[in-house]
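Inside the fold
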Amino acid sequence: DSIAFGNRALLWASRKGEIIEDLGKDLPRFEILGFSMSESGYETEKVNFDFDFTDVKNFREIAGKFRIAVERDDLDLLGEAATESAHFNQRFLRTRKDFRHYFGFLEAGQHLLKAKGIVIAHTGSVAGFILDPTPTPTQELTEEVIRVMQLFYNKLRRNLDIRQFVRFNSWE
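It should be emphasised that the depicted structure is a prediction, and the values quoted were computed from it without experimental measurement. (Residues numbered from 1 in each chain as written. Predicted model: local features only at pLDDT ≥ 70, side-chain atom pairs only at ≥ 80, totals over all residues. Heavy atoms only, no water.)

What to know about the nonpolar core
Ranked by internal contacts, the top residues of the largest apolar core, which has 18 residues, are Ala9, Leu27, Phe30, Phe66, Val70, Leu78 and Ile130. By residue number, the principal contributor to this core is helix α2 (residues 75-90), which donates 6 residues. Contacts of Ile130, omitting those with residues within four sequence positions, involve Phe30, Glu31, Ile32, Leu75, Gly79, Ala82, Ala115, Lys116, Gly117 and Val119. Counting residues in hydrophobic clusters, the runner-up holds 14 residues, among them Phe105, Ile118, Ala127 and Val145. (Core = buried A, V, L, I, M, F, W, Y, C linked by side-chain atoms within 4.5 Å. Buried < 20%, exposed > 50% of the residue type's maximum accessible area, 1.4 Å probe, protein only. Helix = DSSP H or I, 4+ residues; strand = E, 2+ residues; numbered from the N terminus. Contact = heavy atoms within 4.5 Å.)

Have a look at this one:
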């Protein structure tokens, strides 16, 4: 969500809509292949984010990786932190019963694209892959991953509209 503020590296409290920390540097260069995971939004105000001590410790470790990734301009570490954050936050969206299936699917897509990481909006309604901008995956590979994703969605009796995919980068 913080990429909405441009390429500045921020720790962002999405439910509060607040910047927690401005890391004072730009994000490493990357591209996102993003897509809709849901036909409608998801109200996180109804979710009980009841963090325990272990959750807070995990969040601090993920935030620490993010800080180091930004400091070192390390896209691999940034992707690792993003994937851990996505996985961590999704466990609180227990009412999204089908999500357990999606995360394994996203990991398979990450492998196919040789993506650096997975990103998922705090609502779980939008997801994407962090891609190294050099070299960019070919159009053919991207189309193949999208085709496989459509097949997967159809298997779960979900309709995925190809026009819901978007590609953007961290530096423009």
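Alright, that's what it looks like, and here's the rest.
A few points about α2
Its 16 residues give α2 an end-to-end C-alpha distance of 22 Å, which sits within 8% of 22 Å, the value for a rise of 1.5 Å per residue. Among all positions of α2, only Leu75, Leu77, Leu78, Gly79, Ala81, Ala82, Thr83, Ala86, Phe88 and Gln90 are buried. Where α2 starts, the residue carrying a side-chain oxygen 3.1 Å from the main-chain nitrogen of Asp76 turns out to be Asp74. (Expected span 1.5 Å × (residues − 1). Polar contact = N/O pair within 3.5 Å; in protein donor to acceptor, adjacent residues only side chain to side chain.)

Some points on the pattern of salt bridges
Inspection of every chain in the model, using the stated rule, returns 6 salt bridges. Ionic pairing is found between Lys65 and Glu80, a salt bridge with its closest N-O pair at 2.5 Å. Here Glu80 lies in helix α2 and Lys65 lies in helix α1 (residues 53-72), a separation of 15 residues in the sequence. Looking at Lys65, the relative accessible area reads 22%, which means it is partly exposed. For Glu80, a relative accessible area of 37% translates into the label partly exposed. Linking Lys65 and Glu84 is a salt bridge whose minimum nitrogen-to-oxygen distance equals 2.5 Å. With Lys65 in helix α1 and Glu84 in helix α2, this residue pair connects regions lying 19 residues apart in the sequence. (Salt bridge = Lys/Arg side-chain N within 4 Å of Asp/Glu carboxyl O.)

Examining the confidence of the model for the chain
The predicted model of the chain has a mean per-residue pLDDT of 77, with 67% of residues at 70 or higher. Within the chain, the element-level pLDDT minimum falls on strand β6 (residues 166-169), averaging 65, and the maximum on α1, averaging 93. (pLDDT = per-residue confidence, 0-100.)

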